[in-house]
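The chain contents come next:
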Amino acid sequence: MEPVIGLEIHAQLKTKTKLFCPCPTEPGAEPNTNICEVCTGQPGALPRMNGKAIELAAKAGLALGSKVNGQSLFSRKNYFYPDLPNGFQTSQLDPPICQGGSMDIETPSGPKTIRLNRIHLEDDAGKCVHDEKRGRTLVDLNRAGTPLIEIVTEPDLNSSAEAMDFLKKLHALLVRLEVTEGRMEEGEFRCDVNVSLRPKGSPTMGVRGEIKNLNSFRYAGQAIEYEIKRQTALYAQGQPVLQETLHFDPARHETRPLRSKEEAHDYRYFPQPDLPPVRVSPELLERIGLSMPATAEETAQNLLGQGLREDVVTLLMDRKGAVGYLEEARAHYDQAKKIAALMAEFLLPACQKADVPIPDSPVTPRNLAKLAELMDKGVVGRRAAQELFPILFRTGAEPEALAREKGLTQISDKGALLALAAEVVASHPKEAENYRNGQEKVLSFLVGQLMRKSRGAADPKGAGEALIEALKA
Amino acid sequence: MAINENDARAVANLARLELGETAGQVADPARLKALVDEFSKIVAYMDILNGAPTEGVEPLYSPMTDPLPPRADEPARDGQKADELLGQAPERVGRYFSVPRIF
Amino acid sequence: MTDIHRLGLRQTAQALQAREFSATDAVSAALERIRLTEPRIGACVTVLGESALREAKLLDESGPDPARPLWGVPLAVKDVFDLKGAPTTAGSRLLENYFPAFEATVVERLRAAGAIFVSKANCDEFAMGSTTEFSAYGPTKNPWDPALVPGGSSGGSAAAVAALQVPGAMGTDTGGSIRQPAALCGCVGLKPTYGRVSRYGIVAFASSLDQAGPFARSVGDVALLLSVIAGPDGKDSTCSARPVDDYLNLKEPKAADLTLGLPDALWSAGFEPSVDEALSAAKKALTDAGVRLKSVSMPNLRYSVATYYILAAAEASSNLARYDGVRYGQRAEGDPELVALYRRSRSQGLGPEVRRRIMLGTFVLSSGYYDAYFKKAAQTRRLILGDYQRALGECDYLLAPVTSIPAWPLGSFTDDPLTIYQLDMMTLPLNLAGGPGLSLPAGLSSAGLPVGVQLWGPSFGEAGLLSAGALLERIFPPVGPPPMAG
């Protein structure tokens, strides 16, 4: 049997205000403070569409190769729940703002294209808190009306690993594009997963289980794993898989059916009469396209083309702000590969450890570029760089001045090195003779002597070259 | 079409309305029948539309043809209004609206 | 002084600007008139005596302001408009104690123009009804005969204007709720084009059909109110950005230049004899004056009742889902589990007509029936719009009756919803098409009751429509105030 997996991802859009009213979307406020007549469903209140949300949804669509519809329509999805103030959710049914599109993921057998069905705009519900002591359910409407996009994939994924890869890549992309903040602990990026099994290679689809509201990559992976096992066992026992909605319990690593509702859902969708169709003009689309950074693929190709190692590219692309930092540093010293290597070795770990966003690093792109340049010129060696970086990170100092102050510059001046080499050759005539007679390994001994004479300040590579020249004399 | 009691019950349930019962008391059968019959009669009247020549006609959901005017993404918070809204609640716990426990 | 209540809206406004009497005098006169007539007609859900006098005093202290065209003018608003300091009941038990935290755009604009609100006018619950009998606060009665209905759903607004409680009032018209009570009470009512007046802060019945509009005792008075309330509103996405025309300097057309189309489907309906007689007299007066009348074909109007009730009920079922007793409004006693609490609160708080429409609306949207009912009705709506546009292409304006019968006795049809729905046939098509409609008295029937006609115009053509209305108003015999006005 082969698992068939589709995803529905909800990403909270990075807007300052809610989808249909000017209430702030920032989490963490006291309950029911970020509310107004619109997001609490007061009699007479009407929705006012946030233009930024339209732009962000279109931007996501452009980045994912979707068709952005010139005209899309909001509908009302009707159901009763205490966290749903209007008695309906305002969502897009037909047509949504974006249709189609795709994203590639890497699999052990090569790259694989995951197709998208659609991207649509909708508003979020409020939050219910269960008060055990009082036996009440408490409702906070601060989140009610927060703008979301829902990204629906085709069932093109076949393993939990693929699903997790897809989710991570999508998350990184949407965060990089600033479509979403993507704070998963705040529920700003969460997904529903549809899992079914079918005989390998069969075009038909099995009955699927839908696991709701997974808010971490790990939970999504675990939930899929468990659900595949559960359905495999049912097939093995000859029992039917029921189409049902499931909840994943991360503590027990298992999926459980959500308590069945009194009646089957009948959402009675119909066009939202309070909102005329959403228009995305070609001009707006062009503006969004121009303002958009390159796609992840383009960026990766570009970096590989500059000679960066693949693992370094992956590392940079996974860290918010890293690629931008590299671009800025390159403007000062155009050696992307060298700078990237320094970032991978020193900057990224330091930022992570200090919990500093990369763009806010105390070591500016200019200073990191300078460090790379000093190393290339042989002024600062690798060992010295290791010693210098923590100080640079702590103080924000200029690398060359600091290296000189700490006496960590190398002697790489050819004349100075030749003078030292001549002294070493003169004081070790026997070893010099042996070298000239073909014992080339003696050279490393002589380099060691030169380094000692310079108290470690000589550039080892230049020292070797200088000695060879002195020995020829 | 004709509506029977089960149909009417399903609709009432979707609409979160009681059907003839009051405060949870079972409906009087005669009253229930009258309600279902009345509902059925109203629905049956609507079948007059079967005669409308709508083949290939685009539905008209609103007379409004102007495009949606987008709002600038500028936040506004009105604490006093939030308090007034909260003050309307039939039941509250702290700053929360409160209802019977869901599950 | 004692006759302030007899003055029309513009006369009142002019007299106030000229300091012939004070805002306090005008408000006191209105309140006195309410005190006298209210026991017989029941037009008000809430009388705003204290706040109205307070506001009048403030205005008087600063003196008249020519930039505020309604300075000191007392008005009534239908109790579906959110207005701070008074409950917005929408005629429903469920909202008996609902105090809004914000105001309707229409209310804000009237206030800014200097108007003073003296009452929240009675209406059918959530504006669903044609008689104002479906108000949880008791029926309003017709000032021409308290045994008769005033029409509805804005019956309180119409009765208040007809009974000289106020010189002008606000109502809403979803299927005729301004035009029909205006006709039955003998005053002028305007349903503006959908999107001409903001719906913000008005309790929604059917969002694609609702439109707020004014009542007054003359076309010119209605035009003044429209000029204050019309125009773009960033808070209502369906409110048009189009600039507002000048409604104050109307250019009355010459009778000989005017061609009015008579929709065949409406004029061929049977009329009660006294109405028939009055309408025939009105048509004769028009042709005598030189106005050309011609029959225009609108074959799809026969579907308008079913189309309207399906669409309006569908939208209402969703608009009224918010009344669940969680955030505001009345919650049922007994604390049952949540679903039962919803059902009980809604059933106790909402009246039978509202529940009927929610049932119908829920049904036509439900799985398996959407295409056959809701979508079909939306398609038929386009056919009706097509009829309307074609018919207007053949004439300047359309002239239609408002009701086929005169004001009827209270209780006549309260248990017969389908008959009531069918009585709305003359007014519904305009809401489906979205255009503007002006209802004005055409004369008195032989039984001494007002009979109205309505003029329909092209969308956003209010200025022309009001101009034509002003001409008709001069041609028709004046109906005057009802006898009770004394």
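Above this text you will find the structure in question.
Structure report, in brief. Keep in mind that what you see is a predicted model, and the values were worked out from it rather than measured.

**So, the overall build of chain C**
Item 1. In terms of helices and strands, chain C carries 16 helices and 11 strands.
Item 2. Relative to the globule expectation of 23 Å for 486 residues, the C-alpha radius of gyration of chain C, 21 Å, shows essentially globular dimensions.
Item 3. When its C-alpha atoms are laid out on the principal axes, chain C stretches across 65 × 55 × 45 Å.
Item 4. Taking all 486 residues of chain C together, 70% fall into the buried category.
Item 5. In chain C, of all internal contacts separated by at least 6 residues, the share reaching a separation of at least 24 is 77%.
Item 6. In the form shown here, chain C has an accessible surface area of approximately 14200 Å², with 53% of it arising from carbon and sulfur atoms.

**A closer look at the overall build of chain B**
Item 1. Along chain B, the regular secondary structure elements total three helices and two strands.
Item 2. Traced from its N-terminal end to its C-terminal end, chain B shows the element sequence α-α-α-β-β.
Item 3. Against the globule reference of 13 Å for 103 residues, chain B gives a C-alpha radius of gyration of 23 Å, more extended than a compact globule.
Item 4. Reported as C-alpha extents along the three principal axes, the dimensions of chain B are approximately 50 × 45 × 25 Å.
Item 5. Expressed as a percentage of the 103 residues in chain B, the buried residues total 45%.
Item 6. The long-range fraction of contacts in chain B, counting pairs at least 24 apart against all pairs at least 6 apart in sequence, stands at 38%.
Item 7. When the accessible surface of chain B is split by element, carbon and sulfur atoms take 52% of a total near 5300 Å².

**What about the sheet that holds strand β7 (residues 259-263) of chain C?**
Residue and element names in this part refer to chain C.
Item 1. Across the sheet, 11 strands lie side by side as β1-β3-β2-β4-β6-β5-β10-β11-β9-β7-β8; this open sheet has mixed pairing. Looking along the sheet, the strands with just one partner apiece sit at the ends: β1 (44-47) and β8 (292-296). When strand polarity is set aside, the average angle formed by the axes of neighbouring strands in this sheet is 30 degrees.
Item 2. Bridging between strand β5 (residues 188-191) and strand β6 (residues 212-216) involves two bridges; their strand directions are antiparallel. The residue of β6 that forms the bridge with G189 is F215.
Item 3. Contacts from helix α9 (residues 273-289) reach β7, β8, β9 (397-401), β10 (437-444) and β11 (450-456), with the element oriented near 50 degrees to β11.

**A short note on helix α12 (residues 352-365) of chain C**
Residues and elements named next belong to chain C.
Item 1. Compared with an ideal rise of 1.5 Å per residue, which puts 14 residues at 20 Å, α12 spans 20 Å between its outermost C-alpha atoms and is within 8% of the ideal.
Item 2. Taking burial as the measure, the 14 residues of α12 include 12 buried ones, the bulk of the element.
Item 3. Three or more residues of α12 are buried, namely E353, V354, R356, R357, I358, M359, L360, G361, T362, F363, V364 and L365.

**Some details on the side chain of R199(C)**
Item 1. Looking at where R199(C) falls in the secondary structure, it is placed in the loop between β5 and β6.
Item 2. With sequence-adjacent residues up to four places away left out, R199(C) is seen in contact with G44(A), L46(A), P273(A), D274(A), Y194(C), S207(C), D210(C), Q211(C), D236(C) and T238(C).

**Quick word on the layout of surface pockets**
All names here are of chain A.
Item 1. For the second largest pocket, the calculated volume is near 1100 Å³.
Item 2. Considering the residues around the second largest pocket, the lining is formed by 32 residues, among which V175, D318, R319, K320 and G321 are closest to the centre.
Item 3. Counting residues per element, the lining of the second largest pocket draws most heavily on helix α2 (residues 160-176), which supplies five residues.
Item 4. Its residues placed into classes, the lining of the second largest pocket shows 15 nonpolar, seven polar and 10 charged.

**Side note on the interface of chain A and chain B**
Item 1. Between chain A and chain B, the contact holds 52 residues from the first and 33 residues from the second.
Item 2. Approximately 3900 Å² of surface area, both sides summed, lies buried where chain A meets chain B, with 59% of it carried by carbon and sulfur atoms.
Item 3. If you look at where chain A meets chain B, you find three salt bridges.
Item 4. One salt bridge in this structure joins K81(B) and E37(A), with 2.7 Å as the shortest N-O distance.
Item 5. Counting every contact that joins chain A to chain B gives 22 residue pairs in polar contact (both at pLDDT 80 or more).
Item 6. Taken together, the elements giving at least two residues each to the side of chain A that touches chain B come down to α1 (51-63), β9 (127-131), β10 (136-140) and β17 (278-279) of chain A.
Item 7. Top element by residues in the side of chain A that touches chain B is β10(A). It accounts for five residues.
Item 8. In the side of chain A that touches chain B, the residues fall into 23 nonpolar, 12 polar and 17 charged.
Item 9. Where β10(A) meets strand β2 (residues 96-100) of chain B, four bridges bridge the pair, whose relative direction is antiparallel. Considered in β2(B), the bridge of R136(A) is made with P100(B).

**Considering the interface of chain B and chain C**
Size of an interface: often given as the accessible area lost when the parts come together.
Item 1. Tallying the contact residues gives 53 residues for chain B and 70 residues for chain C.
Item 2. With both sides pooled, the region where chain B packs onto chain C buries about 5400 Å², and carbon together with sulfur makes up 66% of that total.
Item 3. Three residues, L17(B), L49(B) and L60(B), lead the burial of chain B against chain C; their summed loss comes to 13% of the area buried on that side.
Item 4. One can count three salt bridges joining chain B with chain C.

**Some words on helix α13 (residues 370-393) of chain C**
Residues and elements named next belong to chain C.
Item 1. In this model α13 runs 33 Å from its N-terminal to its C-terminal C-alpha over 24 residues, within 8% of the 34 Å that 1.5 Å per residue would give.
Item 2. Of all the bends in α13, the greatest, near 30 degrees, is centred on K376.
Item 3. For α13, the tally of buried residues reaches 17 of 24 residues, placing the bulk of the element in the interior.

**Quick look at the packing of helix α8 (residues 336-354) of chain A against helix α10 (residues 382-395) of chain A**
Residue and element names in this part refer to chain A.
Item 1. Running from amino to carboxyl end, α8 crosses α10 at an angle of 30 degrees, the nearest separation of the two axes being 11 Å. By the angle between their directions, the pair α8 and α10 is classed as roughly parallel. The element α8 and its partner α10 pack so that their crossing is right-handed. Counted together, E345, F346, L347, A350, C351 and A354 of α8 and R382, A385, Q386, F389 and F393 of α10 form the full contact between these two elements.
Item 2. Considered class by class, the residues forming the contact of α8 with α10 number eight nonpolar, one polar and two charged.

**A short note on the pairing of β6(C)**
All names here are of chain C.
Item 1. Counting buried residues along β6, five of its five residues qualify, which places the element largely inside the surrounding structure.
Item 2. As defined by bridge partners, strand β4 (residues 168-172) adjoins β6 across five bridges and the pair is classed as antiparallel. Counterpart to M170 in the pairing with β6 is P214.

**Some remarks on the side chain of T12(C)**
All names here are of chain C.
Item 1. By the secondary structure assignment, T12 is in helix α1 (residues 9-17).
Item 2. Among the polar contacts made by the side chain of T12, one reaches the main-chain carbonyl oxygen of G8 at a distance of 2.6 Å.
Item 3. Residues contacting T12, with those up to four places away along its chain left out, are L7, F21, P74 and P167.

About the thresholds
Residue positions are given per chain, counting from 1 as you read along its sequence in written order. Think of it this way: whatever chain is written first is A, whatever ligand is written first is 1, and the rest follow in order. For a predicted model such as this one, the threshold for reporting local features is a pLDDT of at least 70, and the threshold for listing and counting side-chain atom pairs is 80 or more; totals across whole chains, interfaces and linings nevertheless cover every residue. The side-chain figures draw on all heavy atoms in the structure; neither hydrogens nor water molecules are used. In this description a helix means any DSSP run of H or I spanning at least four residues, a strand means any run of E spanning at least two, and both kinds are numbered starting from the N terminus. Restricting the calculation to C-alpha atoms gives the radius of gyration, and the globule rule supplies 2.2 Å times the number of residues raised to the power 0.38. Partly exposed describes any residue whose relative accessible area lies between the buried limit of under 20% and the exposed limit of over 50%, with all areas from a 1.4 Å probe on protein chains only and scaled to the type maximum. Any two residues whose heavy atoms approach within 4.5 Å are treated as being in contact. Methods summary: accessible areas were calculated by the Shrake-Rupley approach with a probe of 1.4 Å, and residue burial reflects only the protein chains presented. Being paired, for any two strands, means DSSP has found at least two bridges between them. In this analysis, axes come from line fits to C-alpha atoms, helices being fitted only over the stretch in contact, and the angle between any two N-to-C directions falls in the range 0 to 180 degrees. Helix span, as expected, comes to 1.5 Å for every residue beyond the first. Residues are called lining when one of their atoms sits within 4 Å of a cavity or pocket point, these points coming from a 1 Å grid over the protein atoms alone, where a cavity is a set in which a 1.4 Å probe fits but cannot get out and a pocket is an open set with protein on both sides within 12 Å along at least five of seven lines. Grid points are joined across faces, edges and corners, and a volume is the space filled by probe spheres set on the points. Ten residue types, Ala, Val, Leu, Ile, Met, Phe, Trp, Tyr, Cys and Pro, are classed as nonpolar, four, Asp, Glu, Lys and Arg, as charged, and the remainder, Gly among them, as polar. Here the quantity called buried area is the total loss of accessible area, with a 1.4 Å probe, experienced by two parts when brought into contact, counted for both. Take a side-chain nitrogen of Lys or Arg and a carboxyl oxygen of Asp or Glu: if they are within 4 Å of each other, that pair is a salt bridge. Polar contact criterion, stated in full: a pair of N or O atoms within 3.5 Å, where within protein one must be able to donate a hydrogen and the other to accept it, and residues adjacent in sequence count only if both atoms are side-chain atoms. In this scheme, the bend at a residue equals the angle between the axes fitted to the seven residues that finish there and the seven that begin there. Roughly parallel means an angle under 35 degrees; roughly antiparallel means over 145; roughly perpendicular covers 65 to 115; every other angle is labelled oblique. In a left-handed crossing the near helix is turned counterclockwise from the far helix by less than a right angle, and in a right-handed crossing that turn is clockwise.

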